[in-house]
Amino acid sequence: MFDEKDVLKIYNTAYSDFSKKNKITCELKLVKQEEFNQIARKSKLIQDSIKQSIVPFAGALTDHLLGKSVIYASADILNQLSDDKNFVKAIFMHEFYHILLKQKVKKDNVKEELKSEERVNKQLAKEFPKLAKYLD
């Protein structure tokens, strides 16, 4: 079981490793499960999954607010997904690539979000193949 201190430590390790290859600026905001779910429901991709009666998977989410990127995560949600630190690290790495590649997203719609997921997964697999396998 992860507490918020554990999640922050994993985030910092992931950010340090990511920063050796890529430069981004972001911050982590740890929230309770209810707030995380409210944030997740704003995603077009999550909305589409719910409409299709598919249980959406999101361990963390990135929001680009007024020129700054914020990654939202919940220890409660992460604990429901896995107890493996590398899995959580992979989730953060995935979000870092969303920040790095955000300029490639052309519109705010499901089609573009799916393309973004494909780009992010491809780049994660290229630069951090061992971590990428946790999200397959």
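Conventions used here
Residues numbered from 1 in each chain as written. Predicted model: local features only at pLDDT ≥ 70, side-chain atom pairs only at ≥ 80, totals over all residues. Heavy atoms only, no water. Axes fitted to C-alpha atoms, helices over the stretch in contact; angles between N-to-C directions. Helix = DSSP H or I, 4+ residues; strand = E, 2+ residues; numbered from the N terminus. Parallel < 35°, antiparallel > 145°, perpendicular 65-115°, else oblique. Left-handed = near helix turned anticlockwise from the far one by under 90°. Contact = heavy atoms within 4.5 Å. Expected span 1.5 Å × (residues − 1). Polar contact = N/O pair within 3.5 Å; in protein donor to acceptor, adjacent residues only side chain to side chain. Pairing = 2+ DSSP bridges. Nonpolar A, V, L, I, M, F, W, Y, C, P; charged D, E, K, R; others polar. Buried < 20%, exposed > 50% of the residue type's maximum accessible area, 1.4 Å probe, protein only.

Novice: Go over the packing of helix α5 (residues 85-100) against helix α6 (residues 110-127) with me, naming the residues and quoting the values.
Specialist: Two elements in contact, α5 and α6, have axes whose closest approach is 9 Å; the angle formed by their N-to-C orientations is 120 degrees. Classed by the angle they form, the pair α5 and α6 counts as oblique. Once α5 is placed against α6, the crossing between them reads as right-handed. For the pair α5 and α6, contact is made by Ala90, Met93, His94, Tyr97 and His98 and by Ser116, Glu117, Val120, Asn121, Gln123, Leu124 and Glu127, respectively.

Novice: Any chance you could break down helix α1 (residues 4-19) for me, citing the residues and the numbers?
Specialist: Count 3.6 residues to each turn of an α-helix, and residues three or four apart come out pointing the same way. If you check α1, its first and last C-alpha atoms are 22 Å apart, about what 16 residues at 1.5 Å a residue would give, namely 22 Å. Buried-residue contacts for α1 involve β1 (26-30), β3 (68-73), α4 (75-81) and α5. At the N-terminal end of α1, a side-chain oxygen is found 3.0 Å from the backbone nitrogen of Lys5, two or three residues along, and the residue is Asp3.

Novice: For the pairing of strand β2 (residues 60-65), give the residues involved together with the corresponding values.
Specialist: Here is the key point about a regular strand: its side chains alternate between the two faces of the sheet. In the sheet, β2 pairs with β3 via 6 bridges, with the strands oriented antiparallel. Counterpart to Thr62 in the pairing with β3 is Ile71. Between β2 and β3, which pair antiparallel and follow one another directly, the connecting turn spans 2 residues, one of which, Leu66, has a positive phi of 40 degrees.

Novice: Any chance you could break down the packing of α1 against α5 for me, citing the residues and the numbers?
Specialist: Closest axis-to-axis distance for the α1/α5 pair is 9 Å, and the angle between their directions is 55 degrees. Between α1 and α5, the angle is such that the two are oblique. Of the two elements, α1 crosses α5, and the hand of that crossing is right-handed. Residues Val7, Ile10, Tyr11, Thr13, Ala14, Tyr15, Asp17 and Phe18 of α1 lie in contact with α5, whose contacting residues are Lys85, Val88, Lys89, Phe92, Met93, Phe96, Tyr97 and Leu100. Looking at the contact of α1 with α5 residue by residue, the classes come out as 12 nonpolar, 1 polar and 3 charged.

Novice: I'd like a rundown of the sheet that holds β2, residues and numbers included.
Specialist: On the basis of which strands lie adjacent, the open sheet formed by 3 strands has the order β1-β3-β2 and mixed pairing. Edge strands, defined here as strands with exactly one partner in the open sheet, are β1 and β2. Recorded for the sheet is a direction-independent mean angle of 25 degrees between the axes of neighbouring strands. One ladder, built from 5 bridges, connects β1 with β3; its direction is parallel. The partner of Leu28 across the bridge, within β3, is Ile71.

Novice: Could you give an account of α5, with specific residues and numbers?
Specialist: An ideal rise of 1.5 Å per residue puts 22 Å on 16 residues; α5 measures up with 23 Å between its terminal C-alpha atoms. Counting buried residues in α5 gives 13 out of 16 residues, a clear majority hidden from the surface. Taking the backbone nitrogen of Asn86 as reference, a side-chain oxygen 2.8 Å away marks Asp84 as the first, capping residue of α5.

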